[in-house]
There are 6 protein chains.
Amino acid sequence: MTSLPISFLLTLCLLVIPSLSSDSDPLQDFCVASDFFFSGLGIPLNTSNRNGVAVAPANVLTFPGLNTLGLSMNNVEFAPGGVNPPHSHPRATEAGVVIEGSVFVGFLTTNNTLFSKVIHAGEMFVVPRGLVHFQWNVGKGKARLITSFNSQLPGSAVLPSTLFGSMPEIPNAVLTKTFRTDDATVNNLKSKFAV
Amino acid sequence: MTSLPISFLLTLCLLVIPSLSSDSDPLQDFCVASDFFFSGLGIPLNTSNRNGVAVAPANVLTFPGLNTLGLSMNNVEFAPGGVNPPHSHPRATEAGVVIEGSVFVGFLTTNNTLFSKVIHAGEMFVVPRGLVHFQWNVGKGKARLITSFNSQLPGSAVLPSTLFGSMPEIPNAVLTKTFRTDDATVNNLKSKFAV
Amino acid sequence: MTSLPISFLLTLCLLVIPSLSSDSDPLQDFCVASDFFFSGLGIPLNTSNRNGVAVAPANVLTFPGLNTLGLSMNNVEFAPGGVNPPHSHPRATEAGVVIEGSVFVGFLTTNNTLFSKVIHAGEMFVVPRGLVHFQWNVGKGKARLITSFNSQLPGSAVLPSTLFGSMPEIPNAVLTKTFRTDDATVNNLKSKFAV
Amino acid sequence: MTSLPISFLLTLCLLVIPSLSSDSDPLQDFCVASDFFFSGLGIPLNTSNRNGVAVAPANVLTFPGLNTLGLSMNNVEFAPGGVNPPHSHPRATEAGVVIEGSVFVGFLTTNNTLFSKVIHAGEMFVVPRGLVHFQWNVGKGKARLITSFNSQLPGSAVLPSTLFGSMPEIPNAVLTKTFRTDDATVNNLKSKFAV
Amino acid sequence: MTSLPISFLLTLCLLVIPSLSSDSDPLQDFCVASDFFFSGLGIPLNTSNRNGVAVAPANVLTFPGLNTLGLSMNNVEFAPGGVNPPHSHPRATEAGVVIEGSVFVGFLTTNNTLFSKVIHAGEMFVVPRGLVHFQWNVGKGKARLITSFNSQLPGSAVLPSTLFGSMPEIPNAVLTKTFRTDDATVNNLKSKFAV
Amino acid sequence: MTSLPISFLLTLCLLVIPSLSSDSDPLQDFCVASDFFFSGLGIPLNTSNRNGVAVAPANVLTFPGLNTLGLSMNNVEFAPGGVNPPHSHPRATEAGVVIEGSVFVGFLTTNNTLFSKVIHAGEMFVVPRGLVHFQWNVGKGKARLITSFNSQLPGSAVLPSTLFGSMPEIPNAVLTKTFRTDDATVNNLKSKFAV
């Protein structure tokens, strides 16, 4: 199957599979015969949760075959009215296609301009790398997106819980001054994210 | 302040203006207010053609909002028995999700090993950058894939037409010797791709 | 010599001219004899504003000599108690050195863990690319940081104003559900950022 | 020779030498004192084989000193009439210089245009990353090329054997439909590549 | 908080911390909870040496938290008249800000043009990647710079000692011919750098 | 649809037009139908000059077809005893093959270690990106190298002329202190490079 000695391949793999090097071009076809097929996008997903949204990620942690390949995808499903909270991906641009339903998709530029549109099955959006964005199911039924990222592990900073639910907490002095509000409001918001 | 002759500087700029920048990180949120939403994935597609497959691409040429963002996606639809011919993408890794149907997905490593599997709705595959691959609808009905690429313009070298249908033609001497066959076979194959 | 239609080539060039090249290595020493020295870091800065912080940026827009060089720097000054609001840089890792004063520096990982420390003159911090972070002057006097970024235009998503002061607004339905609060709270927060 | 403790260097090297991370800039001068000189380009090569071509590669597998350096070179020799089969390099652009003889060099764009020329000693060609290309010795005597690649391991998908000699085989249904031919022709081509 | 078994995470870290992969984007927030704060910029530095300059580096070897983050910084201090010798950084562009004093900063293009200026506190310079440059304290008192680099380990080829103090030595035949001088001069220069 | 003022957008484009894109992957097969074949490597070269060496470069300025392809090559010829002066390439790793003759090849690490070897026809060397290196023809006859670079325009800082022949000159105070010599020696060296 390959002319490389097995011992060499094993060495390669112990090193390569876990080594999170950068999202540049791969240096070989792939590490070894990891599985290049993944059934974990799990449809349908259970969207019975507070935000009415569920995400099945296919990234290097769930799908090791993506290692060094610079790409990942998600299956995102929404209950009626479900919202994928404002968040940003530190390491990737995101593009997505609506498979089912009608979704209000928005992102914010670094000068605080909102670009948004309601898009339907077969329509696509793109969110430039690192920008804050969200999706909201505005249709009558469920909605589903297939999204893609140009990183094997894009990461996600989910802003409501990052700002008000972190461990340890962000000091109130920082939040009250910059959100232009008071301790009562900040404490109330924090209380909603307390574990 | 510099000893570079003006003509040299002009040459530089003439070289630069047409040069497409690379699929690295963008240097700004985006270039200008292009539209970040795209309806051209066009479903359903017309798959009444010789190979029984149709592709709607969302790349920088069809969806200029992708410019500098390092990502593109395709909608691929198959008639029963349809085949996306063996091809490679010079500038991207490809990942894809089956939305409908059952698809035999295969790719070939640089040591001529075929990795393949029949995958179904909700299942995913990945093809490492630049490797030869194909998809074949082995289900009873139509099939549909959503694919993604980590380049804004991945390109596609479709091997049957590249090898036997190019303009000008690849000389028979090259094809007969390397495909280990004769002029009659090569001429017959070329005749099928003649415009 | 090529079958690309002229219109296709023109399209390419229209796409390319405005596209900022990426933060990879430069392809020449520099483009033309721009000035490689910059006096715009402007010290002292005026920190008499709501947050008690002022930033003088040296990026490709203020210092064109940085074009294609993949690096930028800021001078950041704080009044006593001043706070640089929670924000993220979509296109760069940030490192910084305290020149004067005592600063509480914090950043949040994508699993909502806060890493923070009070650092003093001569001490340094780093914020991995795209993560949410903030700085707070906890000393008695003014404070000053010199920060650097591995992009010629890192950009900054300043979260309080991005979330509650964007134009157009993020719909209340998105904010109330994901911040786990009510319209009154969201409207009150938005009112503080109204222009 | 270096101020790093040997133990640290050994650790580095066990990791770096086999770790095929990406072809970006190196992060250090080099791993350790691997040999930076290589005699394995082996001239003259034995070109007494079916295609009349032999390649001596200097890539990271044969010349470990190239590790992380983003470059490799080949020595390619041709018997009279020898042909380097149509192939593509998934991870590199290729450039080459004719050292001896007269070579018909061709590559195919993604819209199936053949660019080709007969070049002689001291003349050079370039093949953009990932495109299908071939070389054919059209001179009376032997021919020799020195080629270079902007990857430490460019890889090579050799199309005749990839398409008709893979293990396992590409199903006939895929090949007959897309090459627009019949099982007899496909079986005959496959038989020539059977091991 | 992650589904990875601890053993897997430990493996990750043993590999990632020392692995000097390339200066591209990180693939995760960071490796593990290395310290993201560094006090080693050490001010004031001892500049009582031959060149009257001292450098405290914050790179991946002194500040492991920078691993994979593509950025480093230095604190550079000068005695009156101190000179940072002509040198180049093989892996980074450098930018710097004068914190104290007046510094003559110069760099040389690849066509041997010197760009230079005397800059003062609050002023900035940039040196394009790989170009030869130097700094000279021309003020009455001490001087201090904060510099930044777009690599976690930029490296430095310090030309006087590289050319005349290497081990083993560069042969005189190479130096006399290319510096257009004689053995006596070369031997004299080498003698100053003999350990 | 965006709040960016037109003037800002224009500024962006003025910045962008002259910016050379980086040596990353191309975004298309190539820009336009430039010629992909180059006869300018010009052999034999005239080596009747002070250093006894001549270089014919195939880079993006002499061979525009290389634009965006991230690769260049040189033909380097030596008279007996000829020396290619100590120099570094700011933007590329170099690899080379001896075509004829016997060449002493050396490079210096950033800790001033010389790696060197005399290599002969068919042997290869590599110089990690940005390191100082030189070649010296130590054979009885002429020598020839084919070199390659992983940049379309690697640049070259030729140290003797950069240090002692720049325009304007590097101040003597910088050179005498750091080369540990006197004005007489520096002036003498500078006089040899005066135009």
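Parameters at a glance
Residues numbered from 1 in each chain as written. Chains lettered and ligands numbered in written order. Predicted model: local features only at pLDDT ≥ 70, side-chain atom pairs only at ≥ 80, totals over all residues. Heavy atoms only, no water. Phe/Tyr/Trp six-rings, centres within 6.5 Å; stacked < 30°, edge-to-face > 60°. Helix = DSSP H or I, 4+ residues; strand = E, 2+ residues; numbered from the N terminus. Buried < 20%, exposed > 50% of the residue type's maximum accessible area, 1.4 Å probe, protein only. UniProt positions renumbered as here; feature names shortened; annotations may be inferred. Contact = heavy atoms within 4.5 Å. Buried area = accessible area lost by both parts, 1.4 Å probe. Salt bridge = Lys/Arg side-chain N within 4 Å of Asp/Glu carboxyl O. Polar contact = N/O pair within 3.5 Å; in protein donor to acceptor, adjacent residues only side chain to side chain. Nonpolar A, V, L, I, M, F, W, Y, C, P; charged D, E, K, R; others polar. Pairing = 2+ DSSP bridges. Core = buried A, V, L, I, M, F, W, Y, C linked by side-chain atoms within 4.5 Å. Least-squares fit on C-alpha atoms with pLDDT ≥ 70 in both. Arc of directions from axis to C-beta. pLDDT = per-residue confidence, 0-100.

Chemist: Provide a residue-level description of the packing of aromatic side chains, including the pertinent values.
Modeler: Here the structure, examined in full by the defined rule, presents 48 aromatic pairs over all chains. For the ring pair Phe-107 of chain A and Phe-36 of chain B, a centre distance of 5.1 Å and an interplane angle of 85 degrees mean the geometry is edge-to-face. On the criterion of chain membership, the pair formed by Phe-107 of chain A in strand E6 (residues 102–108) and Phe-36 of chain B in the loop between helix H1 (6–16) and strand E1 (37–38) is interchain, its members lying in two chains. Grouping residues by exposure puts Phe-107 of chain A and Phe-36 of chain B together as buried. Considering the side-chain rings of Phe-104 of chain C and Phe-134 of chain C, the 5.9 Å spacing of their centres and the 15 degrees angle between planes classify their relative orientation as stacked. Taken together, the residues Phe-104 of chain C in strand E6 (residues 102–108) and Phe-134 of chain C in strand E9 (residues 132–137) connect sequence positions 30 residues apart. Taking the relative accessible area as the measure of exposure, Phe-134 of chain C reaches 0% and is therefore buried. Grouped by ring-pair contacts, the aromatic residues Phe-164 and Phe-179 of chain A together with Phe-164 and Phe-179 of chain C constitute a single cluster.

Chemist: Which residues make up the UniProt feature "domain: Cupin type-1" (unreviewed entry) in chain A, and what values do they have?
Modeler: As annotated by UniProt and renumbered to match this structure, "domain: Cupin type-1" (unreviewed entry) occupies residues 39–187 of chain A. Helix and strand shares over residues 39–187 of chain A are 13% and 40% respectively, and the end C-alpha atoms of the span are 42 Å apart.

Chemist: Explain the interface of chain B and chain A to me, and be specific about the residues and the numbers.
Modeler: Each partner contributes to the interface: chain B provides 48 residues, whereas chain A provides 51 residues. With both chains or domains summed, chain B and chain A bury close to 4,100 Å², and 73% of this area falls on carbon and sulfur atoms. At the boundary of chain B and chain A, one finds 0 salt bridges. Summed over the shared surface of chain B and chain A, the result is 10 residue pairs in polar contact (both at pLDDT 80 or more). Put simply, the parts of the chain that give the side of chain B that touches chain A at least two residues each are E1, strand E5 (94–100), strand E6 (102–108), strand E7 (114–120), strand E8 (124–127) and strand E10 (143–149) of chain B. A total of 5 residues in the side of chain B that touches chain A trace back to one element, the largest contributor, which is E5 of chain B. Here the residues of the side of chain B that touches chain A are counted per class, giving 28 nonpolar, 13 polar and 7 charged. Bridge analysis of strand E1 (residues 37–38) of chain A against E8 of chain B gives 2 bridges, and the strand direction is antiparallel. Bridging across to E8 of chain B, Phe-37 of chain A finds its partner in Phe-125 of chain B.

Chemist: Quick one: what's the story with the nonpolar core, residue by residue and with numbers?
Modeler: Met-124 of chain C together with Met-124 of chain E are the most contacted members of the largest nonpolar core, which has 65 residues in total. Leave out the neighbours within four places in its chain, and Met-124 of chain C touches Ala-95, Gly-96, Val-97 and Ile-119 of chain C together with Phe-36, Phe-37, Phe-38, Leu-41, Ala-58, Phe-63, Leu-66 and Met-73 of chain E. Membership of the second largest hydrophobic core comes to 63 residues, among which are Leu-41 and Val-126 of chain D together with Val-97 and Val-127 of chain F.

Chemist: Describe the sheet that holds strand E8 (residues 124–127) of chain D, and please don't skip the residues or the numbers.
Modeler: In sheet architecture, strand pairing relies on hydrogen bonds along the backbone and comes in two forms, parallel and antiparallel. Across the sheet, which stays open at both edges, the 6 strands sit in the order E2(D)-E3(D)-E10(D)-E5(D)-E8(D)-E1(F) with antiparallel pairing between neighbours. In the strand order of this sheet, the two ends are held by strand E2 (53–58) of chain D together with strand E1 (37–38) of chain F, each with one partner. Bridging between strand E3 (residues 72–78) of chain D and strand E10 (residues 143–149) of chain D involves 7 bridges; their strand directions are antiparallel. Residue pairing across strands places Ser-72 of chain D opposite Phe-149 of chain D, the latter belonging to E10 of chain D.

Chemist: Outline the sheet that holds strand E1 (residues 37–38) of chain C, supporting the account with residue identities and numerical values.
Modeler: If you trace the 6 strands from one edge of the open sheet to the other, you get E1(C)-E8(E)-E5(E)-E10(E)-E3(E)-E2(E), paired in antiparallel fashion. Two strands lie at the open edges of the sheet, namely E1 of chain C together with strand E2 (53–58) of chain E, each paired on one side alone.

Chemist: Residue-level account of the pattern of salt bridges, with values.
Modeler: Tallying each qualifying case throughout the model produces 18 salt bridges over all chains. Of the charged contacts in the structure, one is a salt bridge between Glu-169 of chain B and Lys-190 of chain B, with a shortest N-O distance of 2.8 Å. Residue Glu-169 of chain B is found in the loop between helix H2 (159–164) and helix H3 (172–178), and its partner Lys-190 of chain B is found in helix H4 (residues 183–193); the two are separated by 21 residues along the sequence. Judged by relative accessible area, which is 8%, Lys-190 of chain B ranks as buried. Each of Glu-77, Glu-100 and Lys-142 of chain A takes part in one network of salt bridges that share partners.

Chemist: Just give me the short version of the relation of the copies chain B and chain A, but keep the residues and values in it.
Modeler: Relative to chain A, chain B is turned by 180 degrees and slid 0.0 Å along the rotation axis, the superposed coordinates differing by an RMSD of 0.0 Å. What the superposition gives is, in effect, a two-fold axis relating one chain to the other. Ranked by how close their C-alpha atoms come to the rotation axis, the residues of chain B are headed by Asn-150 of chain B, at 2.6 Å. Looking at chain B, 96% of its interface residues are interface residues in chain A too, so the copies touch through the same face.

Chemist: Can you break down helix H4 (residues 183–193) of chain D residue by residue, with the values?
Modeler: Every buried residue of H4 of chain D is accounted for by Thr-185, Val-186, Leu-189, Lys-190 and Phe-193 of chain D. All buried residues of H4 of chain D fall inside an arc of 130 degrees around its axis, so they share one side. Buried residues along H4 of chain D sit in contact with H3 and H4 of chain B together with helix H2 (159–164) and helix H3 (172–179) of chain D.

Chemist: Describe the environment of Glu-94 of chain F, with residues and values.
Modeler: Residue and element names in this part refer to chain F. Within the fold, Glu-94 resides in strand E5 (residues 94–100). According to the relative accessible area criterion, Glu-94 is buried, its value standing at 3%. Expressed as a C-alpha distance, the spacing of Glu-94 and Phe-134, which sit 40 residues apart in the sequence, is 11 Å. A polar atom in the side chain of Glu-94 sits 2.9 Å from the side chain of His-133.

Chemist: Describe in detail the confidence of the model for chain A, supporting the description with residues and values.
Modeler: Mean pLDDT over chain A stands at 87; residues scoring 70 or higher make up 85%. On the interface metric, ipTM, the complex scores 0.88, and its pTM is 0.89.

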